[in-house]
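What the coordinates show
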Amino acid sequence: MTYNLAVIPGDGIGPEVMKEAVKVLDFVAKKFDLDIRYTYLKAGGCAYDEFGDPLPDETLNTAIKSDAVLLGAVGGYAWDELPVDKRPEKALLGLRKSLGLFANLRPAVLFPQLADACPLKDEIIGDGLDILVVRELTGGIYFGKRGTDENGAFDTLYYSVPEIERITHVAMKAAMKRNKKVMSVDKANILDSSRLWRKTVKRVALEYPEIQLDHMYVDNASMQLIRKPGQFDVIVTGNMFGDILSDEASMLTGSIGMLPSASLGEGHAGMYEPVHGSAPDIARKNLANPLATILSVSMMLRYSFGLDEAAKCVEDAVSKTLDEGYRTADIAGNSHHIIGTREMGDAVSKNI
Ligand code: IPM
Ligand code: MG
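Residues numbered from 1 in each chain as written. Chains lettered and ligands numbered in written order. Predicted model: local features only at pLDDT ≥ 70, side-chain atom pairs only at ≥ 80, totals over all residues. Heavy atoms only, no water.

1. As for the packing of helix α8 (residues 218-227) against helix α9 (residues 239-252)
Close contact between α8 and α9 brings their axes to 10 Å; oriented N to C, the two are set at 10°. Considered as vectors, α8 and α9 are oriented roughly parallel to each other. Between α8 and α9, the contacting residues are Val-218, Ala-221, Ser-222, Leu-225 and Ile-226 on the first element and Phe-241, Leu-245, Glu-248, Ala-249 and Leu-252 on the second. (Axes fitted to C-alpha atoms, helices over the stretch in contact; angles between N-to-C directions. Helix = DSSP H or I, 4+ residues; strand = E, 2+ residues; numbered from the N terminus. Parallel < 35°, antiparallel > 145°, perpendicular 65-115°, else oblique. Contact = heavy atoms within 4.5 Å.)

See the structure below:
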């Protein structure tokens, strides 16, 4: 089987972590006899520098035609002063929107080997942590009307009923394969858009009688994630709340350097990226943790290519590498076995 893969390393630590993810994928391809055709594309700050556009047409058009997109990270201090339509983040939002990737899956799983890197006490973690954040990705305040005048600025949070319905279905279907619990997070005590969100989620949930559905305000949810993370299975929420809560959930896994993500639309094509950003402060120092990107490869194999066995092989290789004691600095905990980005990629590849 041939797979056309668009690879967008991006900025900051993006190229470093991507190199390791591709290294691992090459080993997987060999083992499972997959023909993966890589097309490297530019997006983000590096594309702005070269073409004056963070999301050049060629990048977008090739990404649209690909079976999947693997993205490192975009952004950095160098581009912070640019107007909003030239900023590197525009590339990410443009890709998500143009590819119709409305469902963002962010699994926060604590590998037992990393329990000492998790900032929570053992008794709070209990017997592990496995939360799936389902974040709506192409609506809400990220894409509403915005403006600035001499006195102030505004952004609009709008959700249509179909947008809420389709993300709810994704969350419900995911929960059916897990512990059948969905927590919908909103701010329905204040926002009209959240009241519509809650009403719509409740209605869609009627089609999934086996699912236990609960609702929580976002401020409370951010507290409960720290107080008792075990109460969550699937969290479904809007674009901005999901952005914030997934960063919070990531830390429970020891480091944001561990969290992969999948952005999916109606079909099989998807975009896969680590949840962390471009971390310009540690770029080019061989310090970044490539595991979030490597685990994103695993999600790609599962969701876009339908290769469950290969996906599992990547997860097992990561787990084995952690068993062997290898740690990048961000997940070091009490370990003295600290290695760099490249060495981590090598160690995981060996375990494929
Ligand atoms: C993320 C990031 C992006 C977002 C930024 C870089 C635009 O924080 O993927 O979580 O806010 O969606
Ligand atoms: Mg974010």
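2. Here we look at the pairing of strand β9 (residues 212-217)
For a regular strand, side-chain orientation follows a simple rule: the groups alternate between the two sheet faces. One ladder, built from six bridges, connects strand β8 (residues 181-186) with β9; its direction is parallel. Within β9, the position partnered with Lys-181 by the bridge is Gln-212. (Pairing = 2+ DSSP bridges.)

3. Quick word on the domain arrangement of the protein chain
Domain boundaries assigned for the protein chain yield domain 1 (1-106 + 261-352) and domain 2 (119-252). Inter-centroid distance (C-alpha atoms) of domain 1 to domain 2 is 24 Å. Summed over both sides, the interface between domain 1 and domain 2 buries roughly 1400 Å², with carbon and sulfur atoms accounting for 65% of that surface. Where domain 1 touches domain 2, the interface holds five residue pairs in polar contact (both at pLDDT 80 or more). For the side of domain 1 that touches domain 2, the secondary-structure elements that each account for two or more residues are α4 (89-98) and β4 (103-109). Top element by residues in the side of domain 1 that touches domain 2 is β4. It accounts for four residues. Tallied by class, residues from the side of domain 1 that touches domain 2 come to six nonpolar, two polar and four charged. (Domains from an automatic or database assignment. Buried area = accessible area lost by both parts, 1.4 Å probe. Polar contact = N/O pair within 3.5 Å; in protein donor to acceptor, adjacent residues only side chain to side chain. Nonpolar A, V, L, I, M, F, W, Y, C, P; charged D, E, K, R; others polar.)

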